[in-house]
Amino acid sequence: MKHSDLLNVQCSASEPSAMPLSPTATRELLHQLEHLPNKKLGQNFLVDGNIVRKSIELAELDVNSAVVEIGPGLGTLTRAILASGASLWAVERDSTLAAHLRSNVVPGQPRLQLIEADCLDYPIAAIPSEQANAGYKIVANLPYAVSTPWMDAVLSGPLPQRMVLMLQKEAADRYVASHGSKTFGAISIFLQSAYSMHSRHLVSAQCFHPAPKVDSVLLRLDLKETAVHFPREIRECIRRIFTQRRKQLGSLCKKESIPGLSDWFAHLIAKGYSPNIRPEAITYQDWSELIKFQ
Ligand SMILES: C[S@@+](CC[C@H](N)C(=O)[O-])C[C@H]1O[C@@H](n2cnc3c(N)ncnc32)[C@H](O)[C@@H]1O
């Protein structure tokens, strides 16, 4: 994936009144709730209207959309998703914030189903499987600490048609890394085999309260028509191989018992790869061919 479409999104000056879209309003609301932002839960709340609008615009939502949100927090993005007419399934782990959402957002919004749970247990909230299979989108300002295990869980399917995600820049870099780079790994292969990157925007720390100490990126990913979905045992095998990424792929393949692995490796050599090739030097397209050898 190219990084040439990395754009900056500026924070906005004016803020709609219905949402806590300023650091002051957010501080006041947190004070009313007697709640201090929890660092471990990545509680950096969006306080910028431009970023909220940009997220909704990128998601292209309408009344027919089924959306999953991870970590609705104070409900800023949640309200904007609902204003599009979409139906929303959300999962929030923090009990104070879940109670706030239940009393302030859920009652007026029959299109919102909120569960208080860990997104690693409910990676696509509790969206019914018929709805998920019929097509859904994910829009979320993610808790950064769990974004990669959560993404791994999402990629086990059913796959969303589109994801508009606020992520720590380092995580986004890994997801869209090209082969041969130090950040290219198993998650890059799984994600890029199923999704194309539509756009990537750098987001200023000032767009959050409290301002995070890491850089943030708003990423839109669209499901490919030819999406490759790796079965669990192959994903685990690739993950094991990448724990020894500097070793030669040929010797790593010999240690694995996945059917078809040695045939796939022979196919790579026939295509012109060196027998001494390392896992990180294989393109995600060639990794995704592995499923044809099962
Ligand atoms: C970056 S904040 C986003 C809050 C809100 N969506 C916004 O944009 O202002 C991350 C949210 O995820 C919640 N969270 C953290 N870890 C979680 C987990 N494992 N499962 C579900 N929610 C989690 C936090 O409590 C917080 O509300």
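Looking at an unreviewed UniProt entry, one finds the chain named 16S rRNA (Adenine(1518)-N(6)/adenine(1519)-N(6))-dimethyltransferase RsmA and attributed to Thalassobacterium sedimentorum. Quoted verbatim from the Sequence similarities (unreviewed entry) field of the UniProt record, the comment on the chain reads "Belongs to the class I-like SAM-binding methyltransferase superfamily. rRNA adenine N(6)-methyltransferase family."

So, on to unusual backbone geometry. Across the junction of G157 and P158, the peptide omega takes the value 0 degrees, indicating a cis bond. Positionally, P158 belongs in the loop between α6 (147–154) and β8 (162–168). The linkage connecting H209 with the following residue, P210, adopts the cis geometry, with an omega of -10 degrees. Examined against the element boundaries, P210 turns out to sit in the loop between β10 (208–209) and β11 (216–223). Backbone geometry places E34, a non-glycine residue, at a positive phi of 55 degrees. Residue E60 is not a glycine yet carries a positive backbone phi of 50 degrees. Considering the arrangement of structural elements, one finds E60 in the loop between α2 (49–59) and β3 (66–70).

Here α6 crosses helix α8 (residues 186–194) at 45 degrees, and the two axes come no closer than 11 Å. In terms of axis orientation, α6 runs oblique to α8. Pair α6 / α8 crosses with left-handed handedness. Of the residues in α8, those in contact with T148, M151 and D152 of α6 are I187, F190 and L191. Counted by class, the contact of α6 with α8 contains 4 nonpolar, 1 polar and 1 charged residues.

Take the packing of aromatic side chains next. Scanning the entire structure with this criterion turns up 4 aromatic pairs. When the centroid spacing of 4.8 Å and the interplanar angle of 35 degrees are considered together, the rings of W264 and W287 count as tilted. Remark: W287 occurs in helix α12 (residues 284–288) and W264 occurs in helix α11 (residues 261–271); sequence separation between them is 23 residues. Exposure remark for W287: the relative accessible area of 0% places this residue in the buried category.

Attention shifts here to the side chain of S193. Turning to its location among the elements, S193 is positioned in helix α8. Look at S193 and you get buried, because its relative accessible area is 4%. Within polar-contact distance, the side chain of S193 engages the backbone oxygen of I189 at 2.6 Å. Beyond its immediate chain neighbours, meaning those up to four positions away, S193 contacts K224, T226, A227, V228, F230, Y284 and S288.

Definitions and cut-offs
Residues numbered from 1 in each chain as written. Predicted model: local features only at pLDDT ≥ 70, side-chain atom pairs only at ≥ 80, totals over all residues. Heavy atoms only, no water. UniProt positions renumbered as here; feature names shortened; annotations may be inferred. Helix = DSSP H or I, 4+ residues; strand = E, 2+ residues; numbered from the N terminus. Axes fitted to C-alpha atoms, helices over the stretch in contact; angles between N-to-C directions. Parallel < 35°, antiparallel > 145°, perpendicular 65-115°, else oblique. Left-handed = near helix turned anticlockwise from the far one by under 90°. Contact = heavy atoms within 4.5 Å. Nonpolar A, V, L, I, M, F, W, Y, C, P; charged D, E, K, R; others polar. Phe/Tyr/Trp six-rings, centres within 6.5 Å; stacked < 30°, edge-to-face > 60°. Buried < 20%, exposed > 50% of the residue type's maximum accessible area, 1.4 Å probe, protein only. Polar contact = N/O pair within 3.5 Å; in protein donor to acceptor, adjacent residues only side chain to side chain.

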